[in-house]
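Fold and geometry: a report
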Amino acid sequence: MLIIVQVKKQAQRGRGGKDALSSPGGPGSRRSNYNLEGISVKMFLRGRPITMYIPSGIRSLEELPSGPPPETLSLDWVYGYRGRDSRSNLFVLRSGEVVYFIACVVVLYRPGGGPGGPGGGGQRHYRGHTDCVRCLAVHPDGVRVASGQTAGVDKDGKPLQPVVHVWDSETLLKLQEIGLGAFERGVGALAFSVADLGAFLCVVDDSNEHMLSVWDCSRGTKLAEIKSTNDSVLAVGFNPRDSSCIVTSGKSHVHFWNWSGGAGVPGNGTLTRKQGVFGKYKKPKFIPCFVLLPDGDILTGDSEGNILTWGRSLSDSRTPGRGGAKETYGIVAQAHAHEGSIFALCLRRDGTVLSGGGRDRRLVQWGPGLVALQEAEIPEHFGAVRAIAEGLGSELLVGTTKNALLRGDLDQGFSPVIQGHTDELWGLCTHPFQNRFLTCGHDRQLCLWDGEGHALAWSIDLKETGLCADFHPSGAVVAVGLNTGRWLVLDTETREIVSDITDGNEQLSVVRYSPDGLYLAIGSHDNMIYIYSVSSDGAKSSRFGRCVGHSSFITHLDWSKDGNFIMSNSGDYEILYWDVAGGCKLLRNRYESRDREWATYTCVLGFHVYGVWPDGSDGTDINSLCRSHNERVVAVADDFCKVHLFQYPCARAKAPSLVYGGHGSHVTSVRFTHDDSHLVSLGGKDASIFQWRVLGPGGAGPAPATPSRTPSLSPASSLDV
C-alpha cells in the first residue's frame with residue numbers, strides 16, 4: 001500500500017525566524033492505493049517529495065504503536081542562571097531557598113553543604129510562565145514571589161502578552177495573574193511595597209514610555225498608571241516606610257514618585273514625579289541600582305562607579321493623600337566605590353551595604369558614612385557582579401554576568417554552585433556509560449557536566465564556536481566540530497587536545513563515532529561527510545574517505561549497528577545511505593536499506609520518525625531528534641520552545657506526543673543518557689540546559705499513579721511539583 005502524505009506549510013514565522021514556503025496539496029491531504037512493487041510512505045516538505053520505504057516486517061501501518069508513550073518527563077535540574085542581561089534576578093526566601101530564573105523557569109535552589117563547599121542541594125521549579133522571565137520580586141513575608149515575563153509569539157506567530165505572576169513558593173501555586181493585556185513588550189522591573197506588608201505591587205513595562213503602574217496584589221486590580229520616561233528603566237522600589245513614595249532609576253535619571261489616592265479604588269490613583277537633580281555632581285550615563293535605607297535615605301550606584309546618598313527633606317507645601325508633606329531629595333554625599341559601573345547594591349541585616357562592581361568585579365561592604373569595611377574580588381572567569389543576596393548568617397549569594405551563581409562570604413571567598421553557558425547552544429552529547437554530558441556553543445566554551453552531582457566537571461575555551469560533539473565509545477576522548485571546518489579530539493580526563501584537523505572551511509554540523517569506535521564521520525556545510533579511521537583509544541585519526549553526493553549541507557547522520565553503513569539527512573531534506581566499509585559509496589537503491597538496523601536514530605527524516613512532523617511544517621520546525629537506547633521512545637526538539645516525547649517507531653501521520661515547555665528559545669538538541677534514565681535538552685538563545693527525569697516503563701523512575709495520556713501538556717503543567 002502506497003500512502004502519500006502531502007503537508008502544506010502556511011505562511012508563518014517560527015521562533016528561529018524562518019520564512020515558510022508553500023508545498024503542493026492541501027493541508028494533511030492523503031491518498032492511498034496498492035503498490036505491488038514495494039511499500040513506501042511519501043511526504044512533502046517545501047515542495048520536495050520525500051520517499052521513505054517501510055521495513056519488510058511491517059505489513060500494515062495500523063499495526064504500529066498509536067497514542068503518546070507511557071513514559072513521561074519530569075524536570076530534574078536546570079543548569080544556568082540569567083545574569084548576563086537581566087537584573088532583579090536573585091533573592092533568598094524565608095525557607096532559605098535561593099530563587100532565580102533562566103528561560104521560562106523560576107528556580108528555587110536549596111544549597112547543600114557549607115559556604116564555599118560543593119553545590120549539592122536540590123531544585124524545585126515554578127513553570128507557570130509561557131515566555132522568558134525577566135525580573136523577580138519577593139514579598140515581605142519571604143514566601144510569595146512575583147515574576148514578570150517578556151512578550152513572545154506562539155507557534156502560529158501570534159503575539160503573547162506579557163504578564164506578572166504572583167505565586168506561593170511553598171506550594172508553587174499561582175495566586176494571582178496581574179496585568180494581562182496591560183503591558184507592552186515585557187515586564188522590566190517590579191517591586192512589592194514594604195510599609196503595608198506587601199499589599200501593593202509596582203511594575204514598569206518595556207514599552208517606549210516605560211509605563212509605571214501600581215497594583216492591588218490581592219485583587220489583581222490596577223490602582224494607578226503613568227508614562228514614566230522614554231529612557232530605559234532598570235530598577236524600581238517602594239520607600240520601606242511609606243508606600244506612597246516610589247523610586248525608579250535607569251538611563252541618566254533617578255525619579256521620585258508620589259502615589260496619592262486611589263488605594264483600593266481601581267484606576268483612581270495618581271502618580272506625580274520629581275526628578276533627582278545632580279547639581280554640582282556629574283550626571284552619570286546609567287544608574288543601574290539603588291537601595292532604600294530604613295532612615296529614608298537612598299543610595300544609588302551608577303556607571304561612573306560612584307555611590308550617591310540622596311537625603312530627604314520636607315517642604316512647607318502639602319500634597320493630598322497619604323504622602324503628607326511634600327518630600328524633596330538632594331545629594332548629600334558621594335563616594336567613589338568602583339572602577340567602572342556599579343551593577344548591584346544590597347542592604348544587609350546589620351545595616352551595612354554591599355556594592356558589586358561591573359568592571360573590577362569587587363564586592364565591597366560599607367558602614368555608616370560609606371566607610372569601606374571589607375572587600376573581596378570575584379575571579380575573572382565568573383564575570384562581573386550582577387546581583388547580591390544575603391543568605392543565612394554571613395553567607396552571601398552572588399550572581400554574575402557570565403551566568404554563574406556563587407556562594408560564600410567576604411572572608412573565605414566564593415565558589416560556584418550554579419554555572420551555565422552565556423550564548424546560544426547547539427552541541428550536545430552524552431557519555432557512553434556515565435551520567436555525564438558535554439555541551440558547546442557560541443560562547444566558545446566546551447563544558448562537561450556531572451548529571452548526578454548537577455555540577456560542572458570542567459570547561460575549556462575552544463577559541464571558536466563549537467557546534468557539535470560526540471564521545472568515543474570508550475569514553476576516553478570526545479570529538480568536537482567547530483564553525484570553521486576544524487574539529488578537535490580531546491582527552492576527557494586531561495582535557496588535552498590529541499587531534500586538531502580541518503576539513504574544508506565551512507561549519508561542521510555533526511560528528512559521530514561508529515558504534516565499534518573504528519570510524520568517525522564528520523558532516524559539513526560543504527555537503528560532504530568526511531570519514532576517518534580511528535585508533536582503539538580514539539586518540540589517533542587518519543582520513544579514510546569522503547561521502548560525496550548530497551546537494552546541500554549535512555544536518556544529521558547515524559551509523560548502522562554493524563558500523564558499516566551511514567544514513568544521513570541534508571538541508572534540502574534528502575535521505576541518503578552510504579556503504580562506508582565498502583569505500584564510502586552512495587547506495588543508490590534506497591529500498592534495499594529499509595531493513596537496516598541503526599545504532600542510533602538522530603536523523604529527523606526517515607520512516608521510523610516521519611510521524612513526528614506536524615501538519616504545516618516547513619522542514620525546519622524540528623531541530624533535533626533522539627531515539628532512546630531501549631528503542632521505546634523518541635524525543636524531539638522543536639523550533640517553538642518545546643520538547644516532545646513520542647512512541648517509537650513513530651510512523652503514523654499526526655502522531656500524538658507529550659509536550660513539555662520551559663525553554664524560552666528554539667530547542668536546539670536533545671539526547672538521552674546512556675541508561676535512558678534522563679533526557680538532556682538545550683535551549684538555543686536562552687543558553688539553558690534542562691535535565692529531565694524519564695518516568696515510567698522505559699525510565700529509571702516509577703510511573704505516575706495516573707499516567708497522562710493526553711497528547712499535550714500545557715507549558716504551565718509541572719510534573720515535578
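In this text the structure is predicted, and so the values were computed from the model without any measurement.

1. Thoughts on the overall build of the protein
Within the protein one finds 0 helices and 58 strands. When burial is assessed residue by residue, the protein has 59% of its 721 residues classed as buried. Surface exposure of the protein reaches about 27,300 Å², of which carbon and sulfur atoms provide 48%.

2. Side note on the pairing of strand β30 (residues 362–367)
Among the 6 residues that make up β30, 6 are buried, leaving the element largely enclosed by the rest of the structure. Where strand β29 (residues 353–357) meets β30, 4 bridges bridge the pair, whose relative direction is antiparallel. Its bridge partner lying in β30, Leu-354 is registered against Gln-365. If you look at the hairpin formed by β29 and β30, you'll find 4 residues sitting between the two strands, and Arg-361 has a positive phi there, around 60 degrees. The loop that links β30 with its antiparallel partner strand β31 (residues 371–377) comprises 3 residues; one of these, Gly-369, has a positive phi angle of about 75 degrees.

3. Some words on the pattern of salt bridges
The full count for this structure, using the stated rule, is 29 salt bridges. One salt bridge in this structure joins Arg-348 and Glu-390, with 3.1 Å as the shortest N-O distance. Of the two residues, Arg-348 sits in the loop between β28 (342–347) and β29 while Glu-390 sits in strand β32 (residues 385–390), which places them 42 residues apart along the sequence. Across the pair, exposure class does not vary: Arg-348 and Glu-390 are buried alike. Through salt bridges with shared partners, a single ionic network connects Lys-561, Glu-597, Arg-627 and Glu-631.

4. Notes on the sheet that holds strand β40 (residues 466–471)
Reading across from one edge, β40-β41-β42-β43 is the order of the 4 strands in this open sheet, with antiparallel pairing throughout. For this open sheet the edge positions go to β40 and β43 (497–502), each flanked by a neighbour on one side alone. Shown here is a sheet whose adjacent strand axes are inclined to one another by a mean of 15 degrees, direction ignored. With 5 bridges connecting them, β40 and strand β41 (residues 477–482) associate as antiparallel partners. Paired with Ala-469 across the bridge in β41 is Val-480.

5. Remarks on the confidence of the model for the protein
Averaged over every residue, the pLDDT of the protein is 88; residues scoring 70 or more account for 87%. Taken as a whole, residues 114–119 scores under 50 in pLDDT and shows 12 contacts with residues more than four places along the chain or in a different chain. Here residues 316–325 is modelled with pLDDT under 50, and outside its nearest four sequence neighbours on either side it reaches 19 contacts, counting other chains as well.

6. A closer look at the side chain of Arg-486
Assignment of secondary structure puts Arg-486 in strand β42 (residues 486–491). Exposure remark for Arg-486: the relative accessible area of 19% places this residue in the buried category. For Arg-486, the side chain forms a polar contact with the side chain of Glu-464, separated by 2.8 Å. For Arg-486, the residues in contact, after removing those within four places along its chain, are Glu-464, Val-480, Gly-481, Asp-500, Ile-501, Thr-502 and Leu-508.

7. Here we look at unusual backbone geometry
A cis amide bond links Tyr-648 to the next residue, Pro-649, at an omega of -5 degrees. Along the chain, Pro-649 falls in the loop between β54 (643–647) and β55 (658–660). Unusually for a residue other than glycine, Asn-403 sits at a positive phi of about 60 degrees. When you line up the elements, Asn-403 lands in the loop between β33 (396–400) and β34 (405–409). The residue Tyr-573 is not glycine, and still its phi comes out positive at about 70 degrees.

8. So, the sheet that holds strand β22 (residues 253–260)
By definition, the strands of a sheet pair up through backbone hydrogen bonds, in either a parallel or an antiparallel sense. If you trace the 4 strands from one edge of the open sheet to the other, you get β20-β21-β22-β23, paired in antiparallel fashion. Of all the strands in the sheet, the pair left with one neighbour each is β20 (233–239) and β23 (270–275). On average, each strand axis in the sheet is inclined to that of its neighbour by 25 degrees, with strand direction left out of account. When strand β21 (residues 242–250) meets β22, the two strands line up antiparallel, connected through 6 bridges. When the sheet's bridge partners are listed, Val-247 is paired in β22 with Phe-256.

9. Focus: the nonpolar core
Side chains of a nonpolar character, in soluble globular proteins, are inclined to be buried together. In terms of nonpolar packing, the biggest core is built from 43 residues, with Leu-90 and Tyr-100 touching the most fellow members. Ranked by residues supplied to this core, first place goes to strand β5 (residues 72–79) with 5 residues. Contact partners of Leu-90, with chain neighbours within four places excluded, come to Tyr-81, Val-98, Val-99, Tyr-100, Ala-387, Ala-389, Leu-397, Val-398, Gly-399 and Leu-405. One finds Trp-598, Tyr-610, Phe-646 and Cys-650 within the second-largest nonpolar core, a separate group that totals 33 residues.

10. Description of the state of the cysteines
For the structure on display, the rule yields 0 disulfides. Considering cysteine sulfurs only, Cys-440 is the nearest to Cys-468, which forms no disulfide, with 6.8 Å between them.

11. Notes on the environment of Asp-295
With respect to the element layout, Asp-295 can be found in the loop between β24 (289–292) and β25 (298–301). Separated by 16 residues in sequence, Asp-295 and Gly-311 have C-alpha atoms that sit 9.5 Å apart. Setting aside residues no more than four positions away along its own chain, Asp-295 makes contact with Arg-241 and Arg-312.

12. Concerning the packing of aromatic side chains
Following the criterion strictly, the structure yields 20 aromatic pairs and no others. Taken together through their ring pairs, the aromatic side chains of Phe-256, Phe-278, Trp-310 and Tyr-329 make up a single cluster. Between the NZ or CZ atom of Arg-386 and the centre of the ring of Phe-343, over which it lies, the distance is 4.6 Å.

13. Brief notes about the environment of Leu-490
Topologically, Leu-490 is positioned in strand β42. Excluding residues within four positions of it along the chain, Leu-490 makes contact with Leu-446, Ile-460, Ala-476, Val-477, Val-478, Val-480, Arg-495, Glu-496, Ile-497 and Val-498.

14. A closer look at the environment of Glu-97
Mapped onto the fold, Glu-97 is located in the loop between β6 (90–92) and β7 (98–102). Relative accessible area serves as the criterion here: at 7%, Glu-97 is assigned to the buried category. Glu-97 sits 26 residues away from Gln-123 along the chain, and the two C-alpha atoms are 8.8 Å apart. When residues no more than four places from it in sequence are discounted, the contact partners of Glu-97 are Phe-91, Val-92, Leu-108, Tyr-109, Arg-110 and Arg-124. In terms of polar contacts, Glu-97 uses its side chain to reach the side chain of Arg-124, at 2.9 Å.

The rules behind these values
- Residues numbered from 1 in each chain as written.
- Predicted model: local features only at pLDDT ≥ 70, side-chain atom pairs only at ≥ 80, totals over all residues.
- Heavy atoms only, no water.
- Helix = DSSP H or I, 4+ residues; strand = E, 2+ residues; numbered from the N terminus.
- Buried < 20%, exposed > 50% of the residue type's maximum accessible area, 1.4 Å probe, protein only.
- Areas by Shrake-Rupley, 256 points an atom, 1.4 Å probe, with all protein chains shown as cover.
- Pairing = 2+ DSSP bridges.
- Salt bridge = Lys/Arg side-chain N within 4 Å of Asp/Glu carboxyl O.
- Axes fitted to C-alpha atoms, helices over the stretch in contact; angles between N-to-C directions.
- pLDDT = per-residue confidence, 0-100.
- Contact = heavy atoms within 4.5 Å.
- Polar contact = N/O pair within 3.5 Å; in protein donor to acceptor, adjacent residues only side chain to side chain.
- Core = buried A, V, L, I, M, F, W, Y, C linked by side-chain atoms within 4.5 Å.
- Disulfide = S-S within 2.5 Å.
- Phe/Tyr/Trp six-rings, centres within 6.5 Å; stacked < 30°, edge-to-face > 60°.
- Lys NZ or Arg CZ within 6 Å of the ring centre and 35° of its normal.

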